[in-house]
Amino acid sequence: MSNKELILLLVGVVFIWFLFPFLSIFLLLFLMLKINFTNNTLSFFAFLIALSFGLLGYTTHSINSVDTDVMRYMEGYMELSRINSFSDFVTIGFLEGDYNFLFRLVNYLFALIFPTNAHILPFFWATFVYWISFLTILEFCKDKTLKIRRERIFVGFFCAIMAFIMFHQAVESIKQYSSVAVMGYAIVLKIMNRDVITKKIVALAIVSILIHFSSFLILPILLYYNSNFVKRYFWFIFFFSLSASFINVNEFFLSILGSIGGDVGIIYKLGQYANYSGWTLGRLYILNLVVYGLTFFVLYYNRKNENLNSITYVHFLALCFLLINRSNTLNFVRYTICFYPFWISMFLSLFKVRIDKLIQSFVIISFFFFFFYCFIIYIGNAIYMDLNGY
């Protein structure tokens, strides 16, 4: 395709997107499947698709009469719009012990520009989540031949939209969902860069933690997935994590910090999370862990190249992390919901395994439909809880 033809195509795509932002998603996916585009063009298409979900996020509101994350974020946004200066913004954040500085800073800047429009908040962060997730898929698929790459990108985007990225969580658990997206992108960049940490990867890791501090806990996945210690003591780490799954980690760290004297803000948060009773650990979350674990061992015993070997140990540490948090309902449910970058990379990794084609197809299809089922159930539960005031 010549440059002139590409420019005409892009102008036409943008025009159609302005007229039909949601229907154009299917057009963009079709073009990505049929035509070889440069990475810049694919990134632009990904951004348009992400903007479509951002527009949907802009319409977000809670029809529930009780407190929800969406309501709290919007109330917080309106409070930010009333702050008189940047120094006041920093002082208030320091006094409140808020560790999510970058998240608050972005919201504060938007509040300065759109002081009465809190809906800009879910618009921006939903766009951000989808765009970073799509960039992760593009990065993960860049080592393929052109035809296979087009097919993998199409499948990756389609399945991420339909099963792995839960839209209602992208606008509900905004901070953690956005933070884990960035950390997932950093991990894939490191893998595709032959396990070398670059300045960009370091910057992404810092951004992830400053959006939501919880990503600090999954930082070891980025740092140590390729270490000889993890590979040498694979089974020890696995059974240790399995044993730890019967211990409430928040209560454990709370008792340690309480005895030696730690940061008051962190101790308070740990106390809240350790004794939180607002959520129940549904069987679907446990089944999610089981399916992820079983699929991991399919990957582990059938990996066949350097990149696949690296992503296998990423998933090993991610699985161990979920096991360690299993006994704390709040931690486990939140991380399970927000671990979609790991579900996406696991799904795409299954196309590379050295296994009988029929079995491979069965595993890939089963993995997708399980998460599609979860997607439908989670959305159904969210709608039911909103309508019934839970």
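Just above, that's the structure.
Summary of the structure given here. It should be emphasised that the depicted structure is a prediction, and the values quoted were computed from it without experimental measurement.

About the criteria used
Residues numbered from 1 in each chain as written. Predicted model: local features only at pLDDT ≥ 70, side-chain atom pairs only at ≥ 80, totals over all residues. Heavy atoms only, no water. Helix = DSSP H or I, 4+ residues; strand = E, 2+ residues; numbered from the N terminus. Buried < 20%, exposed > 50% of the residue type's maximum accessible area, 1.4 Å probe, protein only. Contact = heavy atoms within 4.5 Å. Areas by Shrake-Rupley, 256 points an atom, 1.4 Å probe, with all protein chains shown as cover. 1 Å grid on protein atoms, 1.4 Å probe; cavity = no way out; pocket = protein on both sides within 12 Å on 5 of 7 lines; lining within 4 Å. Points joined across faces, edges and corners; volume = space filled by probe spheres on them. Core = buried A, V, L, I, M, F, W, Y, C linked by side-chain atoms within 4.5 Å. Patch = residues over 30% accessible without salt bridge, like charges linked within 9 Å, V, L, I, M, F, W, Y side chains within 5 Å. Salt bridge = Lys/Arg side-chain N within 4 Å of Asp/Glu carboxyl O. Phe/Tyr/Trp six-rings, centres within 6.5 Å; stacked < 30°, edge-to-face > 60°. Lys NZ or Arg CZ within 6 Å of the ring centre and 35° of its normal.

## A short note on the overall build of the protein chain
Scanning the protein chain for helices and strands turns up 21 helices and 0 strands. Per-residue burial over the protein chain gives 49% buried out of 390 residues. In the protein chain, 76% of the contacts between residues at least 6 apart in sequence involve partners at least 24 apart. Carbon and sulfur atoms provide 68% of the accessible area of the protein chain, an area that totals close to 19,100 Å².

## Topic: the environment of L223
Looking at the secondary structure, you find L223 in helix 12 (residues 219–224). Taking the C-alpha atoms as reference, L223 lies 9.5 Å from D195; in sequence the two are 28 residues apart. Once residues within four sequence positions are removed from consideration, L223 is found in contact with K190 and I197.

## Some words on the layout of surface pockets
Considering only enclosed or pocket space, the second largest pocket measures out at about 160 Å³ in volume. Taken together, F238, L242, L289, V290, G293, L294, F297, L319, L323 and R326 make up the lining of the second largest pocket. Broken down by secondary-structure element, the contributors of at least two residues to the lining of the second largest pocket are helix 14 (234–244), helix 17 (283–300) and helix 18 (306–324). Of the residues forming the lining of the second largest pocket, the biggest block, 5 residues, is contributed by helix 17.

## Some details on the nonpolar core
In terms of nonpolar packing, the biggest core is built from 128 residues, with I49, F157, F316 and F342 touching the most fellow members. Those residues in contact with F342 that sit more than four places away from it in its chain are V180, I187, I221, Y292, V314, H315 and A318.

## Thoughts on a nonpolar patch on the surface
Taken together, the side chains of F86, V90, F101, I197, V202, I206, L210, L223 and Y224 define a hydrophobic patch exposed on the protein surface, amounting to about 750 Å² of accessible area. Mapped onto the nonpolar patch, the elements with two or more residues apiece are helix 5 (86–96), helix 11 (199–211) and helix 12. In terms of residues, the nonpolar patch owes the most to one element, helix 11, which gives 3 residues. Tracing the backbone shows I206 in helix 11.

## Section: the environment of H212
Its location among the elements puts H212 in the loop between helix 11 and helix 12. The sequence separation of H212 and L102 amounts to 110 residues, and the corresponding C-alpha distance is 8.3 Å. Not counting residues up to four positions away in its chain, the partners in contact with H212 are N100, K175, Q176 and S179.

## What about the packing of aromatic side chains?
If you walk through the whole model with that rule in mind, you get 56 aromatic pairs. On the basis of an interplanar angle of 20° and a centroid distance of 6.1 Å, the ring pair of F124 and F128 is categorised as stacked. Here F124 pairs with F128, and both are found in helix 7 (residues 120–140), just 4 residues apart, close to one helical turn. The partly exposed category is assigned to F124, whose relative accessible area is 25%. Measuring from ring centre to ring centre gives 4.8 Å for Y292 and W343, while their planes differ by 80°; the resulting arrangement is edge-to-face. Highlighted residues: Y292 in helix 17 and W343 in helix 20 (residues 340–349), separated in sequence by 51 residues. Like Y292, the residue W343 is buried in the burial classification. Between R326 and the ring centre of F246, over which it is positioned, the NZ or CZ distance is 5.3 Å.

## Considering the side chain of S214
Tracing the backbone shows S214 in the loop between helix 11 and helix 12. For S214, a relative accessible area of 11% puts it in the buried group. In contact with S214, not counting residues within four places along its chain, are Q176 and Y335.

## Some words on the pattern of salt bridges
By the definition in use, this model includes 1 salt bridge. For K142, the salt bridge identified is with E139, shortest N-O distance 2.9 Å. Under the relative-accessibility criterion, E139 is labelled buried at 13%.

On their own, these measurements won't tell you what the molecule is for.
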